[in-house]
Amino acid sequence: MIRVRRLDKLMTIVIAGLLAGLALAVAALPAALVLGIGVRGLTEPWPELPASLSTPPTAQRSTLYANDGTTLITSFYTEDRVDVPLSRVAPVMRQAIVAAEDVRFYQHPGVDARGVVRAFTANQRDGTRQGASTLTMQYVRNVLAGDPALTEEQRAKATEITVSRKLKEMRYALALERKLSKDQILAGYLNIAYFGAGAYGVAAASKRYFSKQPAALTLAEAALLAGLVRSPNTDDPINGDADAALLRRAYVLDRLVETGQVAPDVAAAAKAEPLLLKPSTTPNDCTAVPEEHADWGFFCDWFTSWWNEQPAFGATVDERQRTLRRGGFRIVTSFDPAVQQTASAQVRKVYDVDDRRVAPTAVVQPGTGRVLALAVNRNYSMADNPAGWTNRPNTVNQLVAGGGTIVGYQAGSTFKMFTMLAALEAGLPLDTGFDAPARIVTRFEVGGGSANCGGRWCPVNADPLGMDGYRTMWDAFGRSVNTYFAWLTERVGADRVVEMAERLGIRFRAEDDARLARYGARDWGPFTLGVTATTPLDLAGAYAAVAAEGRWCAPTPVLSITDSGGRPATAGGPDCRQVLDVDVARGAADAARCPVGDQSMYQRCSGGTASDLRADLGRPVAGKTGSSDGNGTETVVAFTPQLAVASIAANPDDPRDAVGAAVQARLVDVVGTVLYDALRGEPVRDFVPPGESVALRVTGARTGN
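From a predicted model like this one, the values you see are computed outputs, not experimental measurements. (Residues numbered from 1 in each chain as written. Predicted model: local features only at pLDDT ≥ 70, side-chain atom pairs only at ≥ 80, totals over all residues. Heavy atoms only, no water.)

**Examining the overall build of the protein**
And step 1. Of the regular secondary structure elements, the protein holds 28 helices and 19 strands.
And step 2. Relative to the compact-globule value of 27 Å for 705 residues, the protein shows a C-alpha radius of gyration of 34 Å, a clear excess of over 25%.
And step 3. In terms of its C-alpha atoms, the protein occupies a principal-axis envelope of roughly 105 × 55 × 50 Å.
And step 4. Every one of the 705 residues in the protein was classed for burial, and the buried ones make up 55%.
And step 5. Considering only intrachain contacts with a sequence separation of at least 6, the fraction spanning at least 24 residues in the protein is 72%.
And step 6. Summed over its atoms, the accessible surface of the protein is roughly 28,800 Å², and 51% of this surface lies on carbon and sulfur atoms.
And step 7. Charged side chains of the protein number 74 positive and 75 negative; the gap between the two group centres comes to 7 Å. (Helix = DSSP H or I, 4+ residues; strand = E, 2+ residues; numbered from the N terminus. Rg over C-alpha atoms; globule rule 2.2 N^0.38 Å. Buried < 20%, exposed > 50% of the residue type's maximum accessible area, 1.4 Å probe, protein only. Contact = heavy atoms within 4.5 Å. Areas by Shrake-Rupley, 256 points an atom, 1.4 Å probe, with all protein chains shown as cover. Lys, Arg positive; Asp, Glu negative; His and termini not counted. Charge placed at Lys NZ, Arg CZ, Asp CG, Glu CD.)

What follows is the structure, encoded as structure tokens:
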């Protein structure tokens with residue numbers, strides 16, 4: 001081994017001056033300089049081979065799929081590249097790249113002394129700059145130039161035209177060939193080379209120029225691609241010089257004939273073929289979702305927000321984004337195109353894309369937190385809007401899931417669910433009775449507004465005739481009796497109601513809401529009427545926890561994530577925890593059947609605000625409607641044991657623009673149709689009734705599990 005290493009070094013010394021002279025395009029190299037390089041090469045320790053040369057950290061695109069694993073949503077990349085094994089590259093492509101770049105690739109040990117002498121002689125005679133880098137040396141240079149583990153200065157040095165760089169490149173090439181097979185090096189080169197038009201690696205190039213896999217390349221196509229790597233920026237036949245690309249194709253075909261790999265007549269036929277490009281582009285980022293599915297971008301956008309919160313992909317948001325755009329991940333999401341299509345169609349029946357108002361809608365699977373759809377009557381696009389229109393018809397603001405400038409919308413009486421859960425958990429039963437008046441004066445202090453009686457919060461019932469009088473949780477929830485829930489909040493404690501909402505995933509994105517939740521929750525009585533901003537996604541996730549008998553799952557956009565080597569990522573699985581006693585959740589679900597026309601297991605429902613939903617759906621269902629003050633927003637959320645859907649009507653640009661009460665019925669149609677279509681063919685499942693203790697008896701705190 002010592003003798004082999006010494007011979008490698010001696011070989012390096014002999015050709016170092018020639019190679020350096022070639023790279024610098026000089027007529028000759030001073031003997032003293034050559035001697036100096038030779039002496040240093042002999043005395044320097046053999047360089048340690050960087051790990052990146054054996055396993056190159058090439059940037060590869062990550063691909064986002066719908067839940068079937070085949071429907072493409074979009075891709076994310078800094079370099080459009082997907083590594084493929086050599087077995088998935090057409091043999092003619094392998095032959096063509098060797099013929100074009102290094103015809104003696106399988107004969108030399110990494111540095112081709114014969115090629116160096118030939119090139120150096122030609123440079124001296126003709127004053128040209130003929131290349132002598134082997135394919136292995138090119139591979140070394142490409143890897144080092146793109147290695148993210150190196151500093152910018154180190155990467156720059158990997159491509160500078162200097163004697164020392166050429167010498168190091170040579171020595172690395174010799175060392176690499178002792179570690180990897182020729183086919184391994186060839187595969188690495190084919191995957192890292194740039195072919196122009198934004199395509200890195202042979203797989204991306206095959207798709208970019210011919211819309212096919214590299215295994216299906218013909219002789220003429222392979223020769224064209226192989227010819228591009230010398231000058232990919234100028235010879236690119238899509239954006240550059242197509243004639244130059246054809247000349248290079250002919251050159252490669254001639255080399256294949258010279259080496260006896262292709263018959264002259266076959267090469268001539270390939271030369272005669274016209275330039276038959278079938279270009280295709282790889283979508284990049286959420287604004288590049290299929291044009292006919294512009295609404296998919298809102299789910300994609302939320303996926304990127306989710307990814308940015310995962311520490312498994314890096315310590316910072318920037319690092320996580322680099323991981324996404326370089327890591328070559330295959331991401332199968334929970335996104336269901338059929339459910340999305342239904343939700344989008346229904347939402348656009350409520351408001352079209354040009355309407356100033358929106359009806360963002362979220363669909364969540366109980367027990368897993370998987371999000372099937374995020375629909376809104378907008379195009380996810382950065383295209384210009386008409387003068388004076390902020391978010392319509394095009395926007396990239398997250399109108400469904402919230403984030404950025406979107407803090408959410410008031411969800412009205414849907415928040416009574418959290419008051420009911422807090423009361424049940426505290427030991428009060430569903431049968432808790434109260435003679436609800438038309439107006440109630442509470443102990444909670446308020447600063448102003450119509451529900452202010454001498455500085456105390458004093459809400460009224462929206463429909464005294466149908467709401468006033470003796471009520472239990474069943475019919476108070478079904479009829480949405482404000483004064484009952486104001487009284488119940490006093491008994492339980494407003495801070496417990498706020499804590500319950502947070503426990504079920506309600507996030508306070510508005511600064512004022514976050515401050516009240518942290519410092520003023522005990523006095524936040526109006527919280528029970530949904531005065532805080534929320535989103536359809538948070539609300540659907542909270543009600544999904546009730547559907548799943550108290551098991552709350554963080555909303556997730558993914559089914560599986562695998563890296564470029566096919567290994568599963570540590571992030572992406574359901575993140576669930578039992579946040580409610582099972583019987584408490586069952587009790588809340590039992591009462592939630594009342595608003596939507598279903599019947600409690602204890603036969604205690606007597607009227608609801610969306611009483612036709614059960615009959616239209618044809619299966620057990622629960623839910624709640626909500627109206628903010630003055631019908632500024634309207635909300636409907638409904639769930640079965642298998643699915644939860646929430647929809648909110650609002651004006652995202654002007655909260656003062658009231659949507660009106662009439663839109664609530666249309667939102668009921670939205671959630672009902674989505675549930676009906678999404679569950680078609682699924683088994684009919686009923687809710688499990690709560691025990692008599694939760695339904696009928698006062699007990700101690702119910703926090704068994």
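Still more ground to cover, so stick around.
**A short note on the side chain of aspartate 583**
And step 1. Along the polypeptide, aspartate 583 turns up in helix α25 (residues 582–591).
And step 2. With no salt bridge to any partner, buried aspartate 583 finds its closest opposite charge in arginine 586, at an N-O distance of 4.3 Å.
And step 3. The contact partners of aspartate 583, leaving out residues within four places of it in the chain, are Pro689, Pro690, Gly691 and Val694. (Salt bridge = Lys/Arg side-chain N within 4 Å of Asp/Glu carboxyl O.)

**Quick look at the packing of helix α17 (residues 337–350) against helix α27 (residues 663–678)**
And step 1. Their axes nearest at 9 Å, the elements α17 and α27 cross at an angle of 165 degrees. The pairing of α17 with α27 is recorded here as roughly antiparallel in orientation. In the packing of α17 onto α27, the handedness of the crossing is right-handed. Contacts between α17 and α27 involve Val339, Thr342, Ala343, Gln346, Val347, Lys349 and Val350 on the former and, on the latter, Val663, Arg666, Leu667, Asp669, Val670, Thr673, Val674, Asp677 and Ala678. (Axes fitted to C-alpha atoms, helices over the stretch in contact; angles between N-to-C directions. Parallel < 35°, antiparallel > 145°, perpendicular 65-115°, else oblique. Left-handed = near helix turned anticlockwise from the far one by under 90°.)

**A closer look at the packing of helix α18 (residues 416–426) against α25**
And step 1. Viewed as axis vectors pointing N to C, α18 and α25 meet at an angle of 135 degrees, and their least axial separation amounts to 9 Å. The angle between α18 and α25 falls in the class oblique. Once α18 is placed against α25, the crossing between them reads as right-handed. Judged by residue contacts, Met417, Met420, Leu421, Leu424 and Glu425 of α18 engage Val584, Gly587, Ala588 and Ala591 from α25.
And step 2. Of the residues belonging to the contact of α18 with α25, the class tally is 7 nonpolar, 1 polar and 1 charged. (Nonpolar A, V, L, I, M, F, W, Y, C, P; charged D, E, K, R; others polar.)

**Side note on the state of the cysteines**
And step 1. Following the criterion strictly, the structure yields 4 disulfides and no others.
And step 2. A sulfur-sulfur distance of 2.0 Å marks the disulfide that ties cysteine 453 to cysteine 458. Because the torsion about its S-S bond is 85 degrees, the bridge between cysteine 453 and cysteine 458 counts as right-handed.
And step 3. At a sulfur-sulfur separation of 2.0 Å, the disulfide partner of cysteine 594 is cysteine 605. (Disulfide = S-S within 2.5 Å.)

**Here's the deal with the pattern of salt bridges**
And step 1. For the structure on display, the rule yields 31 salt bridges.
And step 2. In this structure, arginine 577 and aspartate 575 form a salt bridge, with 3.2 Å as the shortest nitrogen-oxygen distance.
And step 3. We classify arginine 577 as partly exposed; its relative accessible area is 39%.
And step 4. A cluster of three or more residues bridged by salt bridges with shared partners is formed by Arg593, Asp598, Arg614 and Asp686.

**Points about the sheet that holds strand β2 (residues 72–76)**
And step 1. Read across the sheet, 4 strands follow the order β2-β1-β3-β15 without closing on themselves; strand pairing throughout is mixed. Bordering the open sheet on either side are β2 and β15 (558–562), each of which pairs with just one other strand. Taken pair by pair, the neighbouring strands of this sheet meet at an average axis angle of 15 degrees, ignoring direction.
And step 2. As defined by bridge partners, strand β1 (residues 62–65) adjoins β2 across 4 bridges and the pair is classed as antiparallel. In the sheet register, threonine 63 faces β2, and the bridge partner there is serine 75.
And step 3. Where helix α15 (residues 297–308) meets the sheet, it contacts β1, β2, β3 (330–333) and β15, and its direction lies at approximately 45 degrees from that of β2. (Pairing = 2+ DSSP bridges.)

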